[in-house]
Amino acid sequence: MESFDAVIVGAGAAGLMCAMTAGNRGRRVLLLEHSEQAGAKILISGGGRCNFTNLEIAPERFLSANPHFCKSALSRYTQHDFIALVERHGIRYHEKTLGQLFCDGSAREILAMLLAECAAARVDLLTGHSVTEITRADRFRIETNKGSFVAPALVLATGGLSIPKMGATGFAYETARRFDLAVIEPRPGLVPLKVTGETLELCKALAGVSVDAIASCGRDSFRENILFTHRGLSGPAILQISSYWRDGDMLLLNLAPSLDIENLLADRKRTRPKAELKTVLAEVIPTRLAHALAGTAVSNIPIANVPDRVLLQLANRLKRWQLKPSGSEGWPKAEVTVCGIDTAALSSKTMESRSVPGLFAIGEAVDVTGWLGGYNFQWAWSSGWCAGNAV
Ligand code: FDA
């Protein structure tokens with residue numbers, strides 16, 4: 001049985017960062033991964049270019065039952081620290097939009113960088129190893145299908161439940177529960193939303209149309225594009241609001257946030273009475289959206305002949321469209337897991353359990369979920385770095 005200073009389970013973003021940080025401190029580290037490939041989600045992230053962090057990281061852009069928990073880690077290992085690492089490895093990158101940093105080349109470069117750092121820090125990385133049992137006496141004993149290991153520190157870095165076909169498991173939650181750490185019931189986040197009935201018919205008719213919009217749920221709202229799909233709604237504004245949405249909640253969509261649509265329609269009725277309604281609308285919103293929202297009955301007639309009441313209804317639909325999603329597209333399509341291991345059980349400085357010394361949890365497994373746009377990787381880097389400095 002081999003002995004280590006720390007065993008980290010899960011060689012994703014957080015586990016790799018934790019391992020290289022601990023290894024660089026001279027700790028003897030074992031990183032266990034059940035898949036054959038470490039960092040698989042890094043490779044598919046950001047459409048293959050990995051949106052590895054965001055210039056505008058701020059604690060308010062993370063969801064958690066304790067919104068203060070992420071502050072310490074995010075301030076101790078910042079986006080600028082990770083950018084410096086990327087630059088030291090000569091990886092070229094660019095800001096796409098809203099502070100989101102992507103590789104110019106490929107996400108493979110980020111994974112290669114982390115693996116090179118782990119190798120330089122003499123981390124033992126074992127892929128294809130499934131943990132079968134964990135026990136704890138004076139140290140943790142980790143049994144796998146290919147051998148047993150002992151260490152005084154055990155780090156849970158197996159991520160959340162999104163994209164099960166890529167190897168996501170509930171391992172971190174199950175292990176946390178076994179050691180009496182509370183887990184807040186995980187749910188899919190950054191996920192497309194489904195609708196039914198008339199709304200579904202409308203979405204189907206508009207599938208592929210993307211429009212600048214504000215999506216709101218209660219007090220939370222995001223202004224970015226939304227995309228109509230054959231099942232409902234997607235696009236960045238919907239993915240963002242989906243992390244805040246719960247079953248049964250209403251969504252409010254403003255499909256023309258830059259327009260005073262009521263005044264515009266009244267003005268055109270006065271100045272261009274012979275123009276068909278669809279032509280007027282198509283000046284300011286995508287033609288298919290104009291057709292679908294106005295309805296064929298009125299969209300082909302001159303605006304002068306459309307009653308004010310109908311124009312007002314149309315303006316309302318565009319600016320204040322209320323709908324109740326029937327559900328989300330679930331774990332297979334979710335980019336992240338909202339909720340997870342309760343932060344009340346952990347030190348915000350080290351990610352170590354308060355009740356089980358030597359047990360740590362990092363990354364997406366913990367109840368800290370970032371916005372779309374590099375926030376979730378930054379949480380993985382920051383929390384991984386904190387634990388890597390403590391094991
Ligand atoms: P992560 O899931 O990365 O790693 C966990 C590791 O543990 C995996 O290697 C897994 O195989 C392994 N594992 C699981 N169970 C195990 C077990 N029982 N035993 C051993 N190993 C086990 N975020 C972002 O900031 N920018 C982006 O561009 C994207 N893009 C993106 C695209 C897509 C399609 C998805 C699904 C997600 C993103 N994300 C993202 C989110 C981001 O990928 C995610 O938040 C981080 O990878 C989380 O890092 P972790 O290390 O916590 O988990």
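Thresholds applied
- Residues numbered from 1 in each chain as written.
- Predicted model: local features only at pLDDT ≥ 70, side-chain atom pairs only at ≥ 80, totals over all residues.
- Heavy atoms only, no water.
- Phe/Tyr/Trp six-rings, centres within 6.5 Å; stacked < 30°, edge-to-face > 60°.
- Helix = DSSP H or I, 4+ residues; strand = E, 2+ residues; numbered from the N terminus.
- Buried < 20%, exposed > 50% of the residue type's maximum accessible area, 1.4 Å probe, protein only.
- Lys NZ or Arg CZ within 6 Å of the ring centre and 35° of its normal.
- Pairing = 2+ DSSP bridges.
- 1 Å grid on protein atoms, 1.4 Å probe; cavity = no way out; pocket = protein on both sides within 12 Å on 5 of 7 lines; lining within 4 Å.
- Points joined across faces, edges and corners; volume = space filled by probe spheres on them.
- Nonpolar A, V, L, I, M, F, W, Y, C, P; charged D, E, K, R; others polar.
- Domains from an automatic or database assignment.
- Contact = heavy atoms within 4.5 Å.
- Buried area = accessible area lost by both parts, 1.4 Å probe.
- Polar contact = N/O pair within 3.5 Å; in protein donor to acceptor, adjacent residues only side chain to side chain.
- Near = heavy atom within 4 Å.
- Areas by Shrake-Rupley, 256 points an atom, 1.4 Å probe, with all protein chains shown as cover.

Participant: Describe the packing of aromatic side chains, with residues and values.
Facilitator: The full count for this structure, using the stated rule, is 13 aromatic pairs. Note on Phe52 and Phe82: the rings are 5.9 Å apart at their centroids and 45° apart in plane angle, and the pair reads as tilted. Remark: Phe82 occurs in helix α4 (residues 79-88) and Phe52 occurs in strand β4 (residues 51-54); sequence separation between them is 30 residues. For Phe82, a relative accessible area of 0% corresponds to the buried category. Cluster of aromatic residues (ring-pair linked, three or more members): Phe52, Phe82, Tyr93, Phe377 and Trp381. When the ring centre of Phe4 is taken as reference, the NZ or CZ atom of Arg28 above it lies at 4.4 Å. Sitting over the face of the ring of Phe102, Lys96 holds its NZ or CZ atom 4.8 Å from the ring centroid.

Participant: Could you give an account of the pairing of strand β9 (residues 131-136), with specific residues and numbers?
Facilitator: Sheet topology note: the β9/strand β10 (residues 140-144) ladder contains 5 bridges and is antiparallel. Looking at β10, one finds that Arg136 is bridged to Phe140.

Participant: Describe the layout of surface pockets, with residues and values.
Facilitator: Taken as a whole, the second largest pocket spans an internal volume of roughly 160 Å³. Contributing to the lining of the second largest pocket are Asn54, Glu56, Arg61, Leu98, Gln100, Phe222, Arg223, Glu224, Gln240, Trp371, Leu372 and Tyr375. Broken down by class, the residue content of the lining of the second largest pocket amounts to 5 nonpolar, 3 polar and 4 charged. Split by domain, the residues of the lining of the second largest pocket number at least three in each of domain 1 (2-188 + 335-388) and domain 2 (192-329).

Participant: Describe in detail the domain arrangement of the chain, supporting the description with residues and values.
Facilitator: Parsing the chain into structural domains produces domain 1 (2-188 + 335-388) and domain 2 (192-329). For domain 1 and domain 2, the distance between their C-alpha centres works out to 39 Å. Listed by partner, the interface residues are 7 residues for domain 1 and 10 residues for domain 2. Roughly 810 Å² of surface becomes buried between domain 1 and domain 2 when both sides are summed, with 52% attributable to carbon and sulfur atoms. For domain 1, the biggest contributors to the area lost against domain 2 are Arg187, Trp371 and Leu372; these three give 57% of the whole. Summed over the shared surface of domain 1 and domain 2, the result is 3 residue pairs in polar contact (both at pLDDT 80 or more).

Participant: I'd like a rundown of the site of the ligand, residues and numbers included.
Facilitator: Every one of the 29 residues lining the ligand counts as a neighbour, but Ala14, Glu33, Thr169, Glu364 and Phe377 are closest to it. Residue Ala14 places a main-chain N or O atom 2.9 Å away from an oxygen atom belonging to the ligand. Separating an oxygen atom of the ligand from a side-chain N or O atom of Glu33 is a distance of 2.6 Å. Protein chains shield 92% of the accessible area of the ligand, which is 1,000 Å² for the free molecule. If you list the elements that add at least two residues to the shell around the ligand, you get α1 (13-24), α2 (40-44) and α14 (375-388). At 4 residues, α14 tops the list of elements feeding residues into the shell around the ligand. Partitioned by chemical class, the residues of the shell around the ligand number 11 nonpolar, 14 polar and 4 charged.

Participant: Could you give an account of unusual backbone geometry, with specific residues and numbers?
Facilitator: The phi torsion at Ile163 lies on the positive side, around 55°, for a residue other than glycine. Positionally, Ile163 belongs in the loop between β12 (153-156) and α6 (171-178). Despite not being glycine, Asp180 has its phi angle at roughly 65°, a positive value. Mapped onto the elements, Asp180 comes out in the loop between α6 and β13 (183-189).

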